[in-house]
Structures are given as structure tokens and as C-alpha cells.
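Secondary and tertiary structure notes
Single-letter residue listing:
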Amino acid sequence: MAATVYPGRDAAPAGEPVQSAEIPTPGALSDALAWVESGAWFACGPPPRARQGWKLYVPFTPVNAREVLDRLAPAMIAARVHFKYVKDLKTLRKLNAGMFGYSQVGKSLVIYLPRTDGALVELLKRLLARYRGECPAVPCARPFGDDLPLYYRYGSYRDRELTIGGTPRADERSDAHTAVPSGIRDTLAQYTTAVRADPEVDAFLRRYPAFEALEQQGKGGIFLALNLASETFQEVVLKVGYHRGQVQPDGRDGCSFLRRELAAYRTIAERGLAALVPRVIDTLDRPRSVIAVLEHIPGSSLLARKLAGTLTADHLERCWAMLDRFHARGIVLGDAKLANFLATDAGDLRAVDFEAAGALEEERAAMHTFVVTDLQPGDPRTTDRLHFLASILYPYQSGRYSWKDRHVQLLPWLNRTPDTDVTAWAVARLLAMVRDVEEHRAYDGGA
């Protein structure tokens with residue numbers, strides 16, 4: 001198979017889009033390859049007869065997916081192994097974002113290896129050497145090391161149960177410690193290289209030991225931790241950006257997102273709005289690791305209150321006033337939604353999560369996470385408000401918005417009868433905004 005060079009394997013400058021090549025079908029990899037298609041996967045080659053064994057994972061990104069598959073396909077086909085890979089870029093983005101579960105991040109290509117094949121492993125390592133440090137980590141598997149995008153674990157091929165020493169046990173896939181279950185000899189360890197830790201990162205994390213994971217996504221994690229440097233007992237929030245986590249077409253990753261958030265915190269403080277957000281206690285910025293230590297504020301998000309039925313119109317009115325204050329100082333939140341406002345146990349409100357925030361005068365200040373298709377606001381401050389209203393009006397599924405691809409239509413809500421005080425508040429605000437937009441358009445047309 002002739003090698004094909006696809007554009008944009010390396011990250012482009014921030015803000016500069018990279019063309020991502022579509023993921024090839026198995027037929028494009030080889031005319032002779034037998035394969036079947038499912039909802040999210042292409043499964044290729046002869047299915048393994050064994051019920052359990054080794055699984056090798058090759059993570060890739062939308063930018064390098066096709067190139068990686070083209071490079072590895074001849075080796076996998078020649079070895080007659082069974083393998084599967086995500087069938088399109090949309091599925092890959094969801095996988096790497098953690099939308100199928102945090103333990104699934106990076107499992108873009110899965111190679112089934114019932115028996116250890118050292119020759120294949122060494123060949124894969126050579127073929128993947130050019131992608132060192134370019135792909136996300138697979139959280140619950142063992143790395144082969146050397147910054148290679150290659151990981152492994154031992155597991156079931158057909159269900160969620162293993163048989164070891166004649167005894168059945170659960171195939172626990174969400175714990176890195178069970179990547180090689182007790183009773184299984186790690187025959188792949190001889191092909192691995194020890195992972196070298198960054199001593200500066202290790203020292204930083206020892207000052208703020210985490211004891212509870214609040215949220216894990218492809219781009220990073222949020223944890224409760226202790227501040228050992230504090231003279232009194234102090235819980236803090238540890239926010240960690242993951243290198244090559246949730247890579248965007250322009251090359252941004254989890255570290256980039258957190259760097260942007262920290263820049264937003266600085267701008268917010270410079271403009272006199274620090275009281276509206278958690279306090280930044282400490283930071284660490286390394287080439288492959290960005291960590292923020294934030295004030296822990298006991299409370300619950302307004303999304304949690306909505307789902308619990310305890311959200312009130314007063315909460316919404318106070319958030320609206322907070323948006324006024326941010327906008328008056330030239331700050332755009334970019335992701336103004338219920339989940340990013342915290343009602344504290346002390347009765348206050350704080351805004352959180354500023355990965356999409358920035359100063360209004362910056363060219364890329366507002367990186368909004370949704371598009372209003374029927375209003376098309378030109379002002380990012382208006383988009384902030386419409387996003388907030390959408391987060392109130394639209395239904396949720398397991399805590400997520402239910403609209404498709406974040407493209408929403410708000411105007412139909414003006415013809416519906418509100419079912420709660422909260423919905424009535426949002427519809428009234430939406431109506432006022434629509435009238436304001438219409439007045440501005442009429443004025444511009446008259447001029």
C-alpha cells in the first residue's frame with residue numbers, strides 16, 4: 001500500500017484550522033480485508049476464537065487518524081489479527097471527549113491479541129514512533145512508554161466477565177490497576193519502557209493531594225484536594241489539563257483550554273470582578289501539564305438545582321445581573337449556562353469554567369459552544385444571554401443538553417405555554433431580547 005501524506009499531522013498555530021482527512025473504510029485499507037460495520041465501529045479480520053486475552057489500544061486524533069490507520073493496516077492484516085476502529089470523525093471526537101465514558105478515551109483502534117506476538121508489538125512501536133506525544137493517553141490501560149500512542153490491558157473479548165484460574169470474575173475496565181488482573185502474567189511488560197515522571201509536576205501534586213474525582217473528561221479532570229501549604233485545613237479544587245486531550249482541528253488540547261481559562265481569570269481580576277469567581281490559589285504550567293488550584297466553594301450548580309427541581313426565578317435574575325456586570329467590564333463568558341453558575345451554601349452566586357471566556361476586544365474572545373440558528377446574533381454578549389436562556393428552556397438527558405450538535409432554535413419557545421416559573425422567566429427574557437433585536441434591525445434598515 002502506497003504511503004499517503006495527509007495535511008496537518010502537526011498542530012497548526014492556535015486559531016488556524018487544519019483539514020482533517022475522513023477516516024477510511026476497511027475497504028479503502030485493503031480490498032481483501034473482511035469486515036463488518038456497527039453503529040460506531042468497523043470490525044476487521046478474523047474474529048478471535050479465544051474468549052479473553054490482550055487488547056492493544058492505539059489512540060489517535062481527528063488530525064492524524066487516517067494517517068495512523070494507513071500506516072498500521074498492512075501490519076495488522078499481515079498478522080491476521082482482529083481489530084476494530086471508530087468509523088468516523090464525529091464518533092472519534094465524542095470518544096476522545098469522554099462522552100462514552102472516561103475509561104474509553106483514546107481507545108480509537110483496538111487490536112485483539114489472544115497470544116503475545118512480540119514481532120507485531122515491536123513493529124507497531126516502530127510504526128508509531130513518529131506520533132510520539134501527539135495523541136491522548138488511554139486512562140485505564142498500561143502504556144508501552146517512550147511517549148508512544150500504544151497501550152494495553154487484559155480483558156474479555158465477548159462480555160464483561162473473565163475466567164482466571166477457573167474462577168469467573170468481573171472484567172473491570174475503568175481501573176488502571178486492573179489492566180493486568182491478578183493471576184495473569186504480564187507477558188507484554190518486556191516490550192515496555194518505564195514512563196519518566198516530571199519531578200516538578202510530582203512535587204506540585206504532593207502539595208495538593210487529590211482525594212476525590214469530581215469530573216473526568218478527555219480534555220482534563222477536576223478533583224477535590226487538600227492544600228498542605230495552608231496553616232489550617234483547606235480543601236481546594238484541582239483542575240488538570242491533559243496533554244493532547246480532546247485535540248481540536250487547530251491543535252488546541254486540554255492544556256490549551258486550561259491556559260486560556262487561567263488567562264481569563266487574570267483578566268477578570270484585572271477588571272475588578274474577582275468576587276464573582278473562585279480565587280486562584282496556585283498554578284503550574286509545564287509544556288505537557290497545566291494545573292490550576294482553585295478555591296473550593298461549597299454549593300451546587302444551577303443545573304443540579306434544575307434537575308432537582310429547586311431552581312428559582314430569583315437564581316436566574318441574579319445570574320442575569322452577573323452577566324450584566326461581566327459584559328459591562330468587557331468580559332464574554334462564551335459558555336454561559338446553568339452548569340457554570342454555582343449557588344453557594346452561603347447564599348451567594350459564583351460563575352465557574354472560563355475555558356471559552358475572554359475580553360470582548362480580543363479577536364477570539366468568544367468561543368461559544370453552541371449556535372442559535374434562528375436568531376443569529378452578531379454580538380457575543382447577546383450569544384452569552386441566549387446560551388443561558390437555552391440552558392434553562394431545553395430538556396436534559398443525563399445532565400446533558402438534548403439538542404443535536406449544539407445547534408438550537410429558540411423562537412418556537414415563544415409559542416409554548418410555560419410549565420414552571422423558571423420557564424416563564426426565560427420565555428419573558430427571550431421575548432424581550434427578540435423585540436430588542438427587531439427594533440435594532442428596523443432602525444438599521446431605516447438609516
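Higher on the page you've got the structure.
One structure accompanies this document, and this report is about it. All figures in this text were calculated on a predicted structure; none of them were measured in a lab.

Here we come to the nonpolar core. One recurring pattern in soluble globular proteins is that nonpolar side chains are buried together. Membership of the largest hydrophobic core comes to 52 residues, with the highest contact counts inside it found for Phe326 and Phe388. Of all the elements in the fold, those that place two or more residues in this core are α6 (254-270), β14 (289-295), α7 (302-308), α8 (313-328), β17 (341-344), β18 (349-351), α9 (380-393) and α10 (421-446). For this core, the element with the most residues is α10, which contributes 7 residues. Not counting the four nearest positions on each side in its chain, Phe326 is found in contact with Ile268, Leu273, Leu276, Val277, Ile331, Leu333 and Ala351. Grouped together as the second largest cluster of nonpolar side chains are 44 residues, Leu92, Ile111, Leu120 and Tyr154 included.

Think of a pair of aromatic rings as described by two things: how far the centres are apart, and how the planes are tilted against each other in angle. On inspection of all chains with the given rule, the structure shows 14 aromatic pairs. Their ring planes at 75° and their centres at 5.5 Å tell us that Phe341 and Phe388 sit as a pair that is edge-to-face. On the criterion of sequence distance, the pair formed by Phe341 in strand β17 and Phe388 in helix α9 is long-range, its members being 47 residues apart. According to the relative accessible area criterion, Phe341 is buried, its value standing at 1%. Across the ring face of Trp41, the terminal group of Lys84 is positioned such that the distance to the ring centre comes to 4.3 Å. Above the plane of the ring of Trp320 lies Arg385, whose end atom (NZ or CZ) is 4.5 Å from the centre.

Let us look at the packing of α8 against α9. Interaxial distance between α8 and α9 falls to 11 Å at its minimum, and their mutual angle equals 160°. The angle between α8 and α9 places the two elements in the roughly antiparallel class. The hand of the α8/α9 crossing is right-handed. Every residue of α9 that contacts α8 at Leu316, Cys319, Trp320, Leu323, Asp324 and His327 is listed here: Arg381, Asp384, Arg385, Phe388, Leu389 and Ile392. Here the contact of α8 with α9 is composed, by residue class, of 7 nonpolar, 1 polar and 4 charged.

Okay, the environment of Leu148 next. Relative to the assigned elements, Leu148 resides in the loop between β6 (142-143) and β7 (151-156). Taking relative accessible area as the criterion, Leu148 reaches 5% and is therefore assigned buried. Linking Leu148 and Arg132, residues 16 residues apart in sequence, is a C-alpha distance of 4.8 Å. If we ignore the near neighbours within four places in the chain, the residues touching Leu148 are Lys125, Leu128, Ala129 and Arg132.

A few words on unusual backbone geometry. Of note in the backbone geometry, Gln246 takes a positive phi value of approximately 55° without being a glycine. One can find Gln246 in the loop between β12 (235-242) and α6. Residue Gln246 is classed as buried on the basis of its relative accessible area, which comes to 18%. For Asp353, which is not glycine, the phi dihedral falls at a positive 70°. Tracing the chain through its elements places Asp353 in the loop between β18 and β19 (358-359).

Every buried residue of helix α4 (residues 118-128) is listed here: Gly118, Leu120, Val121, Leu124, Lys125, Leu127 and Leu128. As for α4, its buried residues are in contact with β3 (52-58), α2 (65-78) and β5 (109-113). One side-chain oxygen of the residue at the start of α4 lies 3.3 Å from the amide nitrogen of Ala119, identifying that residue as Asp117.

By way of backbone hydrogen bonds, the strands of a sheet pair with one another, either parallel or antiparallel. Taken in spatial order, the 7 strands line up as β1-β2-β4-β5-β3-β7-β6 in an open sheet, and their pairing is antiparallel. One side of each edge strand has no neighbouring strand; the edge strands of this open sheet are β1 (35-37) and β6. Summarising the sheet, β3 and β7 pair through 6 bridges and their orientation is antiparallel. Paired with Leu56 across the bridge in β7 is Tyr152. Sheet contacts for α2: β3, β4 (82-86) and β5; angle to β5, the most-contacted strand, approximately 15°.

Summed over the entire model, instances satisfying the criterion amount to 25 salt bridges. Put simply, Arg288 and Asp147 hold a salt bridge, and the shortest N to O gap is 2.7 Å. Taken as a pair, Arg288 in the loop between β13 (280-286) and β14 and Asp147 in the loop between β6 and β7 lie far apart in primary sequence, 141 residues in all. A residue is classified by how much of its surface remains accessible, and Arg288, at 42% relative accessible area, is partly exposed. We note a salt bridge from Lys239 to Glu355, for which the minimum N-O separation is 3.9 Å.

With that settled, the discussion passes to the sheet that holds strand β15 (residues 299-301). Read from one edge to the other, the open sheet built from 3 strands follows the order β15-β17-β18, with strand pairing classed as antiparallel. Either end of the sheet is taken by a strand with one partner, and the two such strands are β15 and β18. Across the sheet, the mean angle separating the axes of adjacent strands is 30° when strand polarity is ignored. Where β17 meets β18, 3 bridges bridge the pair, whose relative direction is antiparallel. Among the inter-strand pairings, Leu342 is bridged to a residue of β18, identified as Arg350. In the packing of α8 onto the sheet, the strands contacted are β17 and β18, and the crossing angle to β18 comes to about 45°.

Thresholds, definitions, all that
- Sequence order as written defines residue numbering, which begins from 1 separately in each chain.
- Side-chain atom pairs in this predicted model are given and counted only at pLDDT of 80 or more, local residue features only at pLDDT of at least 70, and totals for whole chains, interfaces and linings cover all residues.
- By convention in this description, side-chain values take in all heavy atoms of the structure and omit both hydrogens and water.
- Nonpolar cores are built from buried Ala, Val, Leu, Ile, Met, Phe, Trp, Tyr and Cys residues. Side-chain atoms within 4.5 Å join them into one set.
- Only protein chains enter the accessibility calculation, which uses a 1.4 Å probe; a residue is then buried when its area is under 20% of its type maximum, exposed when over 50%, and partly exposed in between.
- Strands are runs of DSSP state E lasting at least two residues, helices are runs of H or I lasting at least four, and both sets are numbered from the N terminus onward.
- In this description, contact between two residues means that some pair of their heavy atoms is separated by no more than 4.5 Å.
- Within 6.5 Å between ring centres, the rings of Phe, Tyr and Trp (the latter by its six-membered ring) count as paired, and their orientation is classed by plane angle as stacked under 30 degrees, edge-to-face over 60, tilted in between.
- Throughout this description, the term charge over a ring refers to an Arg CZ or Lys NZ atom that lies within 6 Å of the ring centre and within 35 degrees of the ring normal.
- Between the N-to-C directions of two axes lies an angle of 0 to 180 degrees, each axis being a line fitted to C-alpha atoms and, for a helix, fitted only over the stretch in contact.
- For classification purposes, angles smaller than 35 degrees are called roughly parallel, those larger than 145 roughly antiparallel, those between 65 and 115 roughly perpendicular, and all remaining angles oblique.
- In a left-handed crossing the near helix is turned counterclockwise from the far helix by less than a right angle, and in a right-handed crossing that turn is clockwise.
- Three categories are distinguished: nonpolar for Ala, Val, Leu, Ile, Met, Phe, Trp, Tyr, Cys and Pro, charged for Asp, Glu, Lys and Arg, and polar for the others, with Gly belonging to the last.
- Whenever a nitrogen or oxygen atom comes within 3.5 Å of another N or O atom, the pair is scored as a polar contact, on the condition that within protein one atom can donate a hydrogen and the other can accept it, and that pairs from neighbouring residues in sequence are kept only if both atoms are in side chains.
- Any two strands between which DSSP finds at least two bridges are classified as paired.
- Salt bridge criterion: a side-chain nitrogen from Lys or Arg within 4 Å of a carboxyl oxygen from Asp or Glu.

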